[in-house]
Amino acid sequence: DVKVTQSSRYLVKRTGEKVFLECVQDMDHENMFWYRQDPGLGLRLIYFSYDVKMKEKGDIPEGYSVSREKKERFSLILESASTNQTSMYLCASSFGVSAKNIQYFGAGTRLSVL
Amino acid sequence: AQKVTQAQTEISVVEKEDVTLDCVYETRDTTYYLFWYKQPPSGELVFLIRRNSFDEQNEISGRYSWNFQKSTSSFNFTITASQVVDSAVYFCALSFMNYGGSQGNLIFGKGTKLSVKP
């Protein structure tokens, strides 16, 4: 079974802190994704990566950056956390570059910025 | 524009009732894929089904069935004899061959929260 692991289920941070959300997948997938999920807005894509050291902006990249130094790990970085970044963050991975690929998700990190 | 609409924000049913979750999509592409995911209270999105644009056959898996109709751009999901364990948020999603050069990205609907009461 595919396993996507997010390092924390819950995080509480203060405004202005630098925040790292970590995601690891164990299926040698090329593609990894970061989404945020907010009530009434569904899932919105923040960043994605199709290869090591490669990254592409999604629909809402402002205020975020990412890092992919190893194929299995994709990190989301909030350089200076703000209260409007309080949200549920979901990581996903998939194999190959094709529209038919199934994305597999982690359990999510619920981040609160105070 | 590429878009997925799930008009039902929340649905509440009593156990053993049948329930249909609606999904309407928009795309100019002729080749695309539609997905349904389930998000239980634990938070992880679980893949349920994938359907490509050339296959309009309906599918049944146990109590779950899916009705794909290209003529109405809909991909509806029916749960027969619902159970409390079906309580979750359900997402419909679309992917297509050319999305700014990023094949495989998903466009999600906003989700439908299903509550099944005993």
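Just above sits the structure.
Everything in this summary refers to the structure shown in the same document. (Residues numbered from 1 in each chain as written. Chains lettered and ligands numbered in written order. Predicted model: local features only at pLDDT ≥ 70, side-chain atom pairs only at ≥ 80, totals over all residues. Heavy atoms only, no water.)

### Things to note about the packing of aromatic side chains
Definition in use: Between rings of Phe, Tyr and Trp, where Trp is taken as its six-membered ring, a pair exists when centres lie within 6.5 Å; planes separated by under 30 degrees are stacked, by over 60 edge-to-face, and by other angles tilted. By the criteria applied, helices consist of DSSP H or I runs no shorter than four residues and strands consist of E runs no shorter than two, each listed in order from the N terminus. Partly exposed describes any residue whose relative accessible area lies between the buried limit of under 20% and the exposed limit of over 50%, with all areas from a 1.4 Å probe on protein chains only and scaled to the type maximum.
Inspection of the entire model under this criterion finds 21 aromatic pairs over all chains. Note on Y35(A) and F105(A): the rings are 5.6 Å apart at their centroids and 35 degrees apart in plane angle, and the pair reads as tilted. One end of the pair, Y35(A), is in strand β4 (residues 31-38); the other, F105(A), is in strand β10 (residues 104-105), with 70 residues separating them in the sequence. The exposure class assigned to F105(A) is buried, which follows from its relative accessible area of 3%. Seen in terms of ring centroids, Y25(B) and Y32(B) are 5.2 Å apart; in terms of plane orientation they differ by 50 degrees. Their pairing is tilted. For Y25(B), a relative accessible area of 3% gives the class buried. Overall, Y32(B) belongs to the buried group, its relative accessible area being 5%.

### Some remarks on the interface of chain B and chain A
What counts, and what does not: Any two residues whose heavy atoms approach within 4.5 Å are treated as being in contact. Definition of a polar contact: a pair of N or O atoms within 3.5 Å, with one able to donate and the other able to accept a hydrogen when the atoms are protein atoms, and with sequence-neighbouring residues admitted only if both atoms are side-chain atoms.
Each partner contributes residues to the interface: chain B has 23 residues there, and chain A has 24 residues. At the junction of chain B and chain A, the tally comes to 4 residue pairs in polar contact (both at pLDDT 80 or more). Looking at the side of chain B that touches chain A, the elements that each hand over two or more residues are β5 (32-39), β6 (46-52) and β10 (88-96) of chain B. For the side of chain B that touches chain A, the element with the most residues is β5(B), which contributes 4 residues.

### With respect to the environment of W36(B)
As for its position among the elements, W36(B) is in strand β5. For W36(B), the side chain forms a polar contact with the main-chain oxygen of F75(B), separated by 3.0 Å.

### With respect to unusual backbone geometry
Residues and elements named next belong to chain B. Positioned with a positive phi, S73 is a non-glycine residue whose angle comes to about 50 degrees. As for its position among the elements, S73 is in the loop between β8 (64-69) and β9 (74-79). The partly exposed category is assigned to S73, whose relative accessible area is 23%.

### A few points about the state of the cysteines
Two cysteines, two sulfur atoms, one covalent bond between them: this is a disulfide. All names here are of chain A. Test applied: Here, two cysteine sulfur atoms that lie within 2.5 Å of each other are counted as a disulfide.
According to the stated counting rule, one finds 2 disulfides over all chains in the structure shown. Covalently, C23 is tied to C91 through a disulfide, its sulfur atoms 1.9 Å apart. Looking along the S-S bond of the C23-C91 disulfide, the torsion reads about -80 degrees, which is the left-handed sense. Here C23, found in strand β3 (residues 19-25), pairs with C91, found in strand β9 (residues 87-94); they are 68 residues apart in sequence, far enough to count as distant. Each member of the pair, C23 together with C91, is buried.

### Things to note about the sheet that holds strand β1 (residues 4-6) of chain A
Residue and element names in this part refer to chain A. Stated formally: Two strands are counted as paired when DSSP detects at least two bridges linking them. Convention adopted: a line fitted to C-alpha atoms gives each axis, helices being fitted over their contacting stretch, and angles between N-to-C directions are expressed from 0 to 180 degrees.
The antiparallel open sheet is built from 4 strands, whose spatial order is β1-β3-β8-β7. A strand with exactly one partner marks an edge of an open sheet, and here the two such strands are β1 and β7 (65-70). For this sheet the average axis-to-axis angle between neighbouring strands, irrespective of direction, equals 20 degrees. In this structure, β3 lies alongside strand β8 (residues 73-78), joined through 6 bridges in antiparallel fashion. Each residue of the ladder has a partner; that of C23, found in β8, is F74.

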